Amino acid sequence: MYIGVYNACLGDKSLAEALDVIKGLGLNSVEINSGGFLPPIHLPVAELKSSEDARQQYLGEFESRGLTLTALNCNGNPLFPTEGFPHAQDLIDSIELASLLGVKRLVTMSGAPGAEAGGKHMAWNVLPWWSPLLDVRDYQWEVAVPFWKDIQARAADANVRVAIEMHPGNIVYNPATMHRLAEEINATHVGAEMDPSHLFWQGIDPVLALKDLGSLVYCSAAKDTRINEAAKVNGVLDDRFTRVAEGEKGYLPLGGGTTLSGWPSNSSWDFVAIGKGHDVAFWTEFLRTLQEIDPDLPCNIEHEDAELGQLEGLEFAARNMLAAEQAL
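Residues numbered from 1 in each chain as written. Predicted model: local features only at pLDDT ≥ 70, side-chain atom pairs only at ≥ 80, totals over all residues. Heavy atoms only, no water.

(A) Just the overall build of the protein, in detail. The number of helices and strands found in the protein is eleven helices and ten strands. In terms of overall size, the protein behaves like a compact globule, its C-alpha atoms giving a radius of gyration of 19 Å where 328 residues would be expected to give roughly 20 Å. Once the C-alpha set of the protein is aligned to its principal axes, its extents read approximately 55 × 50 × 45 Å. Across the 328 residues of the protein, 50% fall into the buried class. Contacts in the protein between residues far apart in sequence, at least 24 positions, make up 79% of those at least 6 positions apart. Carbon together with sulfur atoms contributes 51% to the accessible area of the protein, which is approximately 14600 Å² in total. Distance between charge centroids for the protein: 1 Å, based on 23 positive and 45 negative side chains. (Helix = DSSP H or I, 4+ residues; strand = E, 2+ residues; numbered from the N terminus. Rg over C-alpha atoms; globule rule 2.2 N^0.38 Å. Buried < 20%, exposed > 50% of the residue type's maximum accessible area, 1.4 Å probe, protein only. Contact = heavy atoms within 4.5 Å. Areas by Shrake-Rupley, 256 points an atom, 1.4 Å probe, with all protein chains shown as cover. Lys, Arg positive; Asp, Glu negative; His and termini not counted. Charge placed at Lys NZ, Arg CZ, Asp CG, Glu CD.)

Structural data, given as structure tokens:
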């Protein structure tokens, strides 16, 4: 099966250096960022769009190392309510580029618009227990469905499967909302990316979620989460994030003038390397369920463990993922 790395954690290296690292880990799959929150560091977009020779040379970098470019990644908020916000166009452009490269999968997020027409700030309306919140939910889906019908049509024309990461902060954040979007747009080329890390802290069993979604799953991430003792006091919906100013440690632009927030100290949960939150037995069952859906589904490591260095974290995750594969 395809087990590899999402390149965002290797952004300080050249493409060749990053691919050498991935090959050296004994993996065979690569997912490359194409826009959205992060710039396409390892993807010379203009050159690849303009030249078939450039595309073949680019793909040759992977093939010469026994690697396969299994997906592009354009995670962002394509429904952001500010006019001219770049993520929607990045998604459209990424579908075109994936088609030109012959890459059949594109990972993204569903996005979240404002709470009402004319709003300038996105809203995550997760628990509409009160009728005004139902009004927000209904408005957001009225915005989302036409946009995603257009993306569905573009993806079908390009023969690219768009895989939505079920990420809190977006209108699609769990299997139920993924099913709803797929049904609303009559999806044939829009489905789910299974990133278990965002499901763990919501209390969702990723294996059961895989079985529920079935053939809607187009791609997968290998990313773990550890629930901490603080969750017993503050729960998992912990809003103690902070602003990070330019020049401070952890400052990261995420497109359209937005930035990454600072993580809470004594957090309720953390992203950790594969094996630090859930053992190899869990990941074996996770891979087994992926294979039952589609033997060719890629599962790419996303390293965001702040407690481990870049290569240390990747090596730790790769070792556990390969152990899980061998246990199948």
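(B) Looking closely at the packing of aromatic side chains. What the rule picks out here adds up to 15 aromatic pairs. Aromatic pair tryptophan 269 and phenylalanine 271: ring centres 5.2 Å apart, planes at 70°, arrangement edge-to-face. Look at tryptophan 269 and you get buried, because its relative accessible area is 10%. With a centroid separation of 5.0 Å and an interplanar angle of 85°, the aromatic rings of phenylalanine 282 and tryptophan 283 are classed as edge-to-face. One exposure class covers both phenylalanine 282 and tryptophan 283, and it is buried. (Phe/Tyr/Trp six-rings, centres within 6.5 Å; stacked < 30°, edge-to-face > 60°.)

(C) Spatial organisation of a nonpolar patch on the surface. A cluster of nonpolar side chains, contributed by Leu127, Trp129 and Trp130, occupies part of the molecular surface with about 460 Å² of accessible area. Structurally, tryptophan 130 is set in the loop between β4 (105–108) and α5 (131–158). (Patch = residues over 30% accessible without salt bridge, like charges linked within 9 Å, V, L, I, M, F, W, Y side chains within 5 Å. Salt bridge = Lys/Arg side-chain N within 4 Å of Asp/Glu carboxyl O.)

(D) Fine view of the packing of α5 against helix α6 (residues 175–184). Where α5 contacts α6, the axes come no closer than 10 Å and their chain directions differ by 55°. When the axis of α5 is compared with that of α6, the two are oblique. Between α5 and α6 lies a crossing whose hand is right-handed. Facing Arg137, Trp141, Val145, Trp148 and Lys149 of α5, the residues of α6 in contact are Thr177, Arg180, Leu181 and Glu184. Here the contact of α5 with α6 is built from residues that sort into four nonpolar, one polar and four charged. (Axes fitted to C-alpha atoms, helices over the stretch in contact; angles between N-to-C directions. Parallel < 35°, antiparallel > 145°, perpendicular 65-115°, else oblique. Left-handed = near helix turned anticlockwise from the far one by under 90°. Nonpolar A, V, L, I, M, F, W, Y, C, P; charged D, E, K, R; others polar.)

(E) Expanded view of the pattern of salt bridges. This structure, assessed with the given rule, holds 19 salt bridges. A salt bridge links lysine 223 to glutamate 302, with the nearest nitrogen and oxygen atoms 3.9 Å apart. Of the two residues, lysine 223 sits in the loop between β7 (217–222) and β8 (224–227) while glutamate 302 sits in the loop between β10 (298–301) and α11 (310–326), which places them 79 residues apart along the sequence. With relative accessibility at 2%, the residue lysine 223 sits in the buried group. Connected through shared salt-bridge partners, Arg226, Asp270, Lys276, Asp305 and Glu307 make up one network.

(F) Region of the structure containing the pairing of strand β6 (residues 190–194). Burial within β6 is extensive, with five of its five residues counted as buried. Relative to β6, strand β5 (residues 161–165) is paired through four bridges, and the arrangement is parallel. From the neighbouring strand, alanine 163 faces β6, where its bridge partner is glycine 191. Note on the crossover from β5 through α6 to β6: the handedness is right-handed. Here three bridges tie β6 to β7, and the two strands are oriented parallel to one another. Paired with alanine 192 across the two strands is valine 217, which belongs to β7. (Pairing = 2+ DSSP bridges. Right-handed = clockwise from strand over helix to strand, strands pointing away.)

(G) Here's a closer look at unusual backbone geometry. One non-glycine residue, asparagine 186, adopts positive backbone phi at about 50°. Relative to the assigned elements, asparagine 186 resides in the loop between α6 and β6. Positive phi values are uncommon outside glycine, yet asparagine 266 reaches one of about 50°. By the secondary structure assignment, asparagine 266 is in the loop between α9 (231–234) and β9 (269–272). When its relative accessible area of 60% is taken as the criterion, asparagine 266 is described as exposed.

(H) Here's a closer look at the sheet that holds β10. In space, the eight strands of this closed barrel follow the order β1-β2-β3-β4-β5-β6-β7-β10, with parallel pairing throughout. For this sheet the average axis-to-axis angle between neighbouring strands, irrespective of direction, equals 30°. Bridge count between strand β2 (residues 29–33) and strand β3 (residues 68–73): five bridges; the pairing is parallel. Bridging from a neighbouring strand, asparagine 33 pairs with asparagine 73 of β3. Packing of helix α10 (residues 280–293) onto the sheet brings it into contact with β1 (2–6), β6, β7 and β10, and relative to β7 it is tilted by some 160°.

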